[in-house]
Amino acid sequence: MVYADWGDPQRTLAVVKGLVRAPLKEILATLSVALADLVPHEALVMLTGDCPKSANWGYGDAELTGDVTTAELATLATHVDVGKPWWGQAALAGAVRPVLAVASAPPGSAGALLAVVVSAEGAPGPDVLALVQQLWDLATGRVVELLPGAMPVDMAAPWIARSERARAVADVTDAHAATLTALLGVLRSRTLPDDAARRTATDVAVAALVELRATDEDAQLPPEESLQDAFGRLTDMLSLLSRHGEVALEYSAPGSPQRLIPSDIARAARTTARGTVLTMLEQGGVERIRVSWDAEDAELRTVIRDDGPGTLAAEALAVHRLTDRVGALGGTLTVDAVPAWGTIVTVRLPLAAPDVPGSDPLGDLHPRELDVLRHLVHGHRNRAIADALHISEHTVKFHVGRILRKLDVRSRGEAAALARAAGFPPGVSLTQ
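In this text, all values refer to a predicted model and were calculated from it rather than measured experimentally.

Student: Help me out: how do you make sense of the environment of Ala130 in this one?
Tutor: Counting through the fold element by element, Ala130 comes out in helix α5 (residues 126–146). Looking at Ala130, the relative accessible area reads 40%, which means it is partly exposed. The spatial distance from the C-alpha of Ala130 to the C-alpha of Gly83 is 8.7 Å, given a sequence separation of 47 residues.

Student: How should I be thinking about the side chain of Ser32 in this particular structure?
Tutor: For Ser32, the position within the fold is in helix α2 (residues 27–35). Of the residues examined, Ser32 reaches a relative accessible area of 12% and is grouped as buried. The residues touching Ser32, leaving out its near neighbours within four places in the chain, are His41, Leu44 and Tyr59.

Student: I'm lost on helix α14 (residues 412–421) in this one. Help?
Tutor: Side chains that are three or four residues apart share a direction in an α-helix, a result of its 3.6 residues per turn. Buried within α14 are the following residues: Arg412, Ala415, Ala416, Ala419 and Arg420. One side of α14 holds all its buried residues, which, seen down the axis, span an arc of 135 degrees. Those residues of α14 hidden inside the fold are in contact with α11 (367–377), α12 (382–389) and α13 (393–407). After α14 finishes, the residue Gly423 shows a positive phi value of roughly 80 degrees.

Student: Whenever I open this one, α13 confuses me. Can you help?
Tutor: When the terminal C-alpha atoms of α13 are compared, their 21 Å separation across 15 residues agrees well with the 21 Å that a helix rising 1.5 Å per residue should span. Taking burial as the measure, the 15 residues of α13 include 11 buried ones, the bulk of the element. Among all positions of α13, only Thr395, Val396, Phe398, His399, Val400, Gly401, Arg402, Ile403, Leu404, Lys406 and Leu407 are buried. Its buried side turned inward, α13 meets β6 (224–226), β8 (260–262), α11, α12 and α14.

Calculation notes
- Residues numbered from 1 in each chain as written.
- Predicted model: local features only at pLDDT ≥ 70, side-chain atom pairs only at ≥ 80, totals over all residues.
- Heavy atoms only, no water.
- Helix = DSSP H or I, 4+ residues; strand = E, 2+ residues; numbered from the N terminus.
- Buried < 20%, exposed > 50% of the residue type's maximum accessible area, 1.4 Å probe, protein only.
- Contact = heavy atoms within 4.5 Å.
- Arc of directions from axis to C-beta.
- Expected span 1.5 Å × (residues − 1).

This is the structure in structure tokens:
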């Protein structure tokens, strides 16, 4: 690799000037050019706590950046300290890849992680790592400058992964609570003799260990799950609470079992459902709990109903941090308790991230949405787009819906016309 140009003050100043003057949407592109000879790469992906609109930005290979999840970046962030570059193998976009990661948290910033998906073999030298860190510090400072209205969050070590760690801790806590609840149900049972109770308690403990292993596997799920598979994992998770207890758990299966939904949303819905059931059981006097789960056009809806005393307050759900988990994903949780009739908890989780209007709607589209828009301009239908981009047809529908909302148009044709008028893709005219 050649670094000779970096010994030229004019080259260095030109790079610095480009970064400190780059528009917000071009910061990663500018940085990518600067890093091209230092660290050959396929893509740059950024996780930021400063942008109120989107925590996950990408530049480069659209197929790769479009599939990188915030959860993957948050996991990577646990290995990276501010100011200390990290090199190794990391799971991004569903595959293990060589990655150079740097983190920066200048004054006024909530912190930002840069993951460089490297295309060349061999770890960069210390001088290169130090230079990449300095360039990222400049880029992060520029982001903070251009986002004066951002609300920094508390980034105690390991900084940006704090919320992800809190979620994982809450999930493990609920899993242990479910196990203890099941064991207490066995010990309090009036129908099991001592020998049977010991065998049953052993069964519960084994089942709990199996679930903990399944939780580890859950982190390796693909970006999307079918409703049928996701709901099956939910019933497995809850079965421990009813297998040997005196409360009957009933389920209403989703109406479109093969429909695909984001795995992150499905995981949040499962853990929220378990926390809700645990809270309902803590009331006492509950004999039956019914859980229904279905996806509408733009949201996953979970309804959990019990036949208990009907005195459950929304504050009780805070014990399991349910409202926080749902709110962090842009969802809502409502509690409808009627004394002597029971309680209904309804959780709604959006299947797509909320949109924030901008002055440049076309520029607000993410790389994957631009890929879909490119096909819309050429008149391709959903099935052809799905085949070309190697995603599900339902995911294409979600992207099309987001594109229409962001561009404030009512049809695919209007979206295509607006894109042509804006000169997108390059070379496409209004008459094509």
